Structures are given as C-alpha cells and as structure tokens.
Amino acid sequence: MELPADALADGLVVIDTPGTNAEAHHTDVARRVMAEEADLAVVLTSALAPVPMSLTAFLLEAFDETTLARCTYLATYIDRVPAADRATVVDTVRNRLRGGLGLPHPEVEPVSAEAVVRLAAGTQLDPEQIEWVARFAETDSRLRETMARRRKVTVADSTLRLLDEAVRIVGEDVEVQRAALAKDEEALDRARIRDLPRFLGEHRERGEKLVSSAADKVRTEIDRRHQVARDHVWQKCTSQIEAAASVSALESVVKDDVTADLGSGLSSMLKDLDAFMTEQISSAVGSAAAGVTEAFEAEYTRLGEAVGYARPSARAQVATARVVAAGASGLLPVALAAKAAAAADRKGRWGAGAVGMAVGAVLGGPVGAGLCALVGGWLGGRNLAKVKAEICEQVQGGISTAFEEARDAAGQAAREHRRAATATFHAHLDEYRRSYDSAVAEIRSEQQIRGAELERKRKALTAARAEAEHRRTAISAQRAVLAAL
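Because the structure is predicted, anything quoted here is derived from the model rather than measured. (Residues numbered from 1 in each chain as written. Predicted model: local features only at pLDDT ≥ 70, side-chain atom pairs only at ≥ 80, totals over all residues. Heavy atoms only, no water.)

### Focus: the overall build of the protein chain
Item 1. Looking only at helices and strands, the protein chain has 15 helices and 3 strands in total.
Item 2. Counting over 485 residues, the protein chain shows a buried share of 38%.
Item 3. Restricting to contacts in the protein chain with at least 6 residues of sequence separation, those with at least 24 account for 82%.
Item 4. As presented, the protein chain carries roughly 26300 Å² of accessible surface, and 54% of it is formed by carbon and sulfur atoms. (Helix = DSSP H or I, 4+ residues; strand = E, 2+ residues; numbered from the N terminus. Buried < 20%, exposed > 50% of the residue type's maximum accessible area, 1.4 Å probe, protein only. Contact = heavy atoms within 4.5 Å. Areas by Shrake-Rupley, 256 points an atom, 1.4 Å probe, with all protein chains shown as cover.)

Right, dumping it as structure tokens:
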C-alpha cells in the first residue's frame with residue numbers, strides 16, 4: 001500500500017466492494033461482505049448527482065432493511081458544490097434515501113475525499129481544502145464511534161440471521177419430511193388390503209371349492225373303478241371255476257387262483273385309486289395354495305411400489321410346495337390300517353405295504369372262510385356241476401363283499417385326504433395372513449417412528465423460532481437505544 005493509513009494500525013479493516021458500475025456479480029459480493037464481514041457500511045454517492053436510481057436499485061437488491069439501517073451515507077465531492085447549495089444537496093440525499101430505501105433517519109455526511117488524498121500525496125492545498133481535510137478526520141472519528149456502538153447490534157444481527165436461516169432450513173426439511181410421511185401413509189392406505197377378512201374369505205372359499213370338486217371326482221372314480229375291477233375279477237374267477245375238469249383242479253382254482261385273482265384285483269384297484277386320489281386332491285390344494293400365493297405376492301408388490309417395502313424373505317414357494325407335498329401323502333393306506341393290522345400274518349403274501357396288508361385283511365375275513373367251506377362241501381360227494389354253480393355264486397358274493405369293503409375304505413381315505421388337505425390349505429392361508437399383517441404392522445411402526453422424530457423436530461423448531469423472536473426483540477431495543485443517542 002503506497003499511502004498507509006494510521007487508522008488501520010488498531011485493527012480496523014476496510015473492504016472496498018464493487019459499486020453499481022462494476023462487472024457482473026457485484027451485488028452478490030456486496031451482499032456477502034455485509035452479511036458475513038462488515039460491522040458498518042459506508043455508501044458513497046456523488047454530491048454532483050446524488051442518489052441516482054441505479055444506486056437505489058442496487059442497494060435494495062443487495063441489502064435487506066436491517067443492513068440498510070446499518071449504513072452511513074457519504075456525499076462525496078461536496079467541495080465542488082457551491083457553499084450556498086451544500087445544505088440543500090445534503091437534504092436532497094436524505095430525502096432520496098427516505099423515499100427510495102424507506103429509511104426514516106438515514107445518516108448522511110458531506111465529505112471531500114479528494115482533498116485527503118491530495119494531502120497524503122503531498123499536493124499543496126488551498127484553505128477550503130484544508131478545512132475539508134479536518135472535517136474528514138471528524139467524519140472518520142464519528143464513523144469509528146458509530147461502529148463501536150453498533151458492534152453488539154451487528155453481531156446480534158448476524159447471529160439472528162444465522163438463526164433465521166437455520167430455522168428456515170430446518171422448517172423446510174420438516175415440511176418436506178412431513179409431506180413425504182403423509183404421502184407414504186396415504187400410499188399405504190391405498191395399497192394395503194382394506195378388508196383382509198373378506199380377502200381371505202374369498203380365497204378360502206375358492207380353495208375349498210377346488211378341493212371339494214376334486215373330492216367329488218375321486219368319489220365318482222371310486223365307484224367306477226370298483227365296478228370295473230369287481231366285474232373283471234368276477235368274470236376271470238368264474239371262467240377258471242367253470243374250466244376246472246377235476247377235483248384237484250377245482251380245489252386249486254378255489255384255494256389259489258380265485259384268491260390270487262381277487263387279491264391282485266383289489267391291490268391294483270386300491271393302488272390306482274390311491275394314485276388318482278393323490279393326484280386330484282394334491283393338484284386341487286396346490287392350485288388353491290398357488291392362487292393364495294399369487295394374490296398375496298401381488299399385494300406385496302403393491303406395497304413395494306407404494307411405500308418401498310421389501311420383504312425379508314420369499315417364503316411363498318416353500319409354503320406352496322409344503323401344501324402340495326402334504327396332499328401327496330397317500331392317505332388311502334392309512335384308512336385301511338385297521339384291516340391290515342387284523343391280518344398281519346398275510347402281509348408276506350400280498351406285500352408288506354399298507355395296501356397289501358389291507359388286501360390280506362379282506363381275504364382273511366368271511367370271504368376266505370366261505371370259499372374253504374364250499375370246497376369242503378364238494379369234497380363231501382356232491383355233484384360237480386352243482387358245486388361249481390354254488391361255488392360261483394359264493395365267489396361272486398365274496399368278491400362283491402371284498403370290493404365293497406375296499407370301496408368303503410377308499411371312500412374313508414378320500415374323506416380323510418380331503419380333510420387333511422383342506423386343513424393344510426387353511427394353514428397356508430393363515431401363514432400368509434400372519435405374514436401380511438406383520439408386514440403392514442412393520443410399515444406402520446416405521447411410519448410412527450418417523451412421525452415421532454418429526455414431532456421432536458417440530459418442537460425444537462418451535463423453540464428455535466421463539467428464541468429468534470426473543471433475540472429480535474432484544475436487538476430492536478438495542479437499536480432504539482442507539483437511535484436515541
């Protein structure tokens with residue numbers, strides 16, 4: 001600096017900001033300096049062209065009302081104005097500041113900075129310029145006193161601005177979060193299943209109808225296969241009995257062939273029915289479970305799209321597979337277990353499985369005893385043709401009885417199969433209900449946590465606003481005191 005000023009020695013810092021005729025962004029620079037740096041602003045206006053509209057527009061754009069009140073306005077080049085007009089020029093500056101900036105009592109000082117600069121450069125001054133140099137020193141002293149008085153208010157103003165800005169930012173953030181929460185709550189209300197009991201009831205009814213329809217098909221198939229298998233065994237046994245040409249042949253047919261054919265027919269029928277029953281009911285309950293899975297997965301997708309909910313794990317496929325597996329458990333042998341237990345000694349002949357044991361149980365009852373009695377009667381010397389006819393009649397009755405027992409057992413198994421499959425389907429539906437209820441409750445809990453946090457922020461914001469108003473009142477009181485000095 002070529003012309004150092006003694007005033008800077010005690011820590012005074014002067015920041016010269018661009019004026020109205022500067023390049024772009026001068027308004028932002030001036031505003032930032034006043035907001036972040038300056039305790040006092042000195043605004044220069046030429047006494048030869050006081051307070052032009054460009055200056056007024058610049059000040060209104062760069063400063064707020066509080067900042068404008070902290071400014072001291074200097075009318076420069078006052079020495080170039082005739083002495084008789086100087087008071088009028090100063091009044092003109094005040095009036096234009098009042099009207100253009102809305103300042104009730106603007107501080108205006110007439111100065112001649114040019115004389116001070118000439119003196120510092122060693123230029124000879126005339127008496128009037130020497131007088132303006134002295135008056136400039138007085139102006140400098142008053143500016144320092146004003147700056148000292150306004151220091152506390154200036155710091156308080158800066159603090160208040162920061163507090164206002166913080167309150168504004170927090171307030172905007174709270175409003176944004178409040179709007180987002182309200183939007184999510186509304187989205188949840190729209191996306192969730194409004195009437196869950198009705199939703200579940202509809203799928204329960206659909207699933208039960210599918211299982212019931214499958215059970216009806218099974219009952220019809222039991223009756224059909226019972227008749228077909230019975231008639232086939234009967235025709236085969238009758239042909240074998242009538243073809244027997246000797247006593248030993250007839251005895252062998254009755255004791256071995258008839259029993260074997262009956263057992264084979266029963267076993268084949270029961271195995272086929274068990275497979276058909278399993279396929280039909282398992283397919284029905286699998287379709288019912290898949291329908292529930294598909295419906296709930298669609299609802300979970302709606303929740304995800306509406307509120308961004310992500311399920312922790314996908315259990316639907318596992319649950320559906322479990323339902324189908326339960327349907328394929330083969331309940332027909334279970335229904336025949338009582339008969340099988342009563343004829344455990346025959347399981348080696350007809351197989352170790354529950355179906356084979358059941359066949360043995362049927363043949364180990366009145367049917368087997370009746371056949372043996374018929375053979376014994378023939379051996380007593382009766383007519384061979386008549387005995388064949390009686391044996392055929394008894395065998396037909398025995399076969400009918402055996403197949404009726406097998407049909408009844410199959411019907412019992414079908415009912416048990418339907419009951420177990422329906423119960424498993426209900427459990428599948430209940431599992432989805434619990435999972436969905438838990439998902440909605442989880443979302444609501446998260447929203448409640450967000451709501452509680454927003455309420456905490458709202459209370460803090462209210463307290464901050466109250467503090468800001470308290471500080472504003474205190475600053476206004478300080479400013480009033482300063483204005484009275």
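### Some points on the packing of helix H5 (residues 113-120) against helix H6 (residues 127-191)
Item 1. Running from amino to carboxyl end, H5 crosses H6 at an angle of 100°, the nearest separation of the two axes being 8 Å. Relative to H6, H5 is oriented roughly perpendicular. Residue-level contacts link Ala113, Ala115, Val116, Arg118 and Leu119 of H5 to Gln129, Trp132, Val133 and Phe136 of H6. (Axes fitted to C-alpha atoms, helices over the stretch in contact; angles between N-to-C directions. Parallel < 35°, antiparallel > 145°, perpendicular 65-115°, else oblique.)

### Some remarks on the packing of aromatic side chains
Item 1. Inspection of the entire model under this criterion finds 4 aromatic pairs.
Item 2. Aromatic side chains Tyr300 and Tyr436 sit 5.7 Å apart centroid to centroid with 65° between the ring planes, which places their arrangement in the edge-to-face category. With Tyr300 in helix H8 (residues 247-307) and Tyr436 in helix H15 (residues 384-484), the pair connects residues that are 136 residues apart, well separated along the chain.
Item 3. Judged by relative accessible area, which is 5%, Tyr300 ranks as buried. (Phe/Tyr/Trp six-rings, centres within 6.5 Å; stacked < 30°, edge-to-face > 60°.)

### Some remarks on the pairing of strand S3 (residues 107-110)
Every regular strand shows the same layout, with side chains that alternate between the two sheet faces.
Item 1. For strand S2 (residues 71-76) and S3, the ladder comprises 4 bridges, and the chain directions are parallel. Pairing of Thr72 across the sheet is with Glu107, part of S3.
Item 2. Handedness of the crossover joining S2 and S3 through helix H4 (residues 86-101): right-handed. (Pairing = 2+ DSSP bridges. Right-handed = clockwise from strand over helix to strand, strands pointing away.)

### Here we look at the sheet that holds strand S1 (residues 41-46)
The pairing of strands in a sheet happens through backbone hydrogen bonds and is either parallel or antiparallel.
Item 1. On the basis of which strands lie adjacent, the open sheet formed by 3 strands has the order S1-S2-S3 and parallel pairing. Each edge of the sheet is formed by a strand with only one pairing partner; in this case those strands are S1 and S3. Mean inter-strand twist for the sheet, computed between neighbouring axes without regard to direction, equals 25°.
Item 2. In this sheet, S2 lies alongside S1 in parallel orientation, the contact comprising 6 bridges. Residue pairing in the sheet places Val42 in a bridge with Thr72 of S2.
Item 3. Of the strands in this sheet, S1, S2 and S3 touch H4, which is tilted by about 150° from S3.
Item 4. Packed onto the sheet, H6 meets S1, S2 and S3 and runs at close to 160° relative to S3.

### Section: the side chain of Gln129
Item 1. Considering the arrangement of structural elements, one finds Gln129 in helix H6.
Item 2. Ignoring sequence-local partners within four residues, the contact set of Gln129 consists of Ala115, Arg118 and Gln124.

### Points about the pattern of salt bridges
Between side chains of opposite charge, a pair can form when the charged atoms approach closely.
Item 1. Within this structure, the stated rule accounts for 33 salt bridges.
Item 2. One salt bridge connects Arg230 with Asp231, and the closest N-O pair in it is separated by 3.2 Å.
Item 3. The closest approach of N and O atoms between Arg407 and Asp408, which form a salt bridge, is 3.8 Å.
Item 4. One network of salt bridges, in which partners are shared, links Arg80, Glu114 and Arg118. (Salt bridge = Lys/Arg side-chain N within 4 Å of Asp/Glu carboxyl O.)

### Examining the nonpolar core
Soluble globular proteins: nonpolar side chains tend toward being buried together.
Item 1. The biggest cluster of nonpolar side chains holds 56 residues, and the ones touching the most others in it are Phe296 and Leu303.
Item 2. Elements with a minimum of two residues in this core: H6, helix H7 (196-243), H8 and H15.
Item 3. A total of 20 residues in this core trace back to one element, the largest contributor, which is H8.
Item 4. Filtering out sequence-adjacent residues up to four positions away, Leu303 remains in contact with Leu188, Ala191, Arg192, Gly308, Tyr309, Tyr436, Val440 and Ile443.
Item 5. If you look at the next biggest cluster of nonpolar residues, it comprises 26 residues, including Val51, Leu59, Ile78 and Leu101. (Core = buried A, V, L, I, M, F, W, Y, C linked by side-chain atoms within 4.5 Å.)

### Quick look at H4
Item 1. With 16 residues, H4 extends 22 Å between its outermost C-alpha atoms, agreeing within 8% with the 22 Å of an ideal straight helix rising 1.5 Å per residue.
Item 2. Tucked into the core, H4 has its buried residues touching S1, helix H2 (53-62), helix H3 (65-69), S2, S3 and H6.
Item 3. Gly102, located one to two residues past H4, shows a positive phi value of around 75°. (Expected span 1.5 Å × (residues − 1).)

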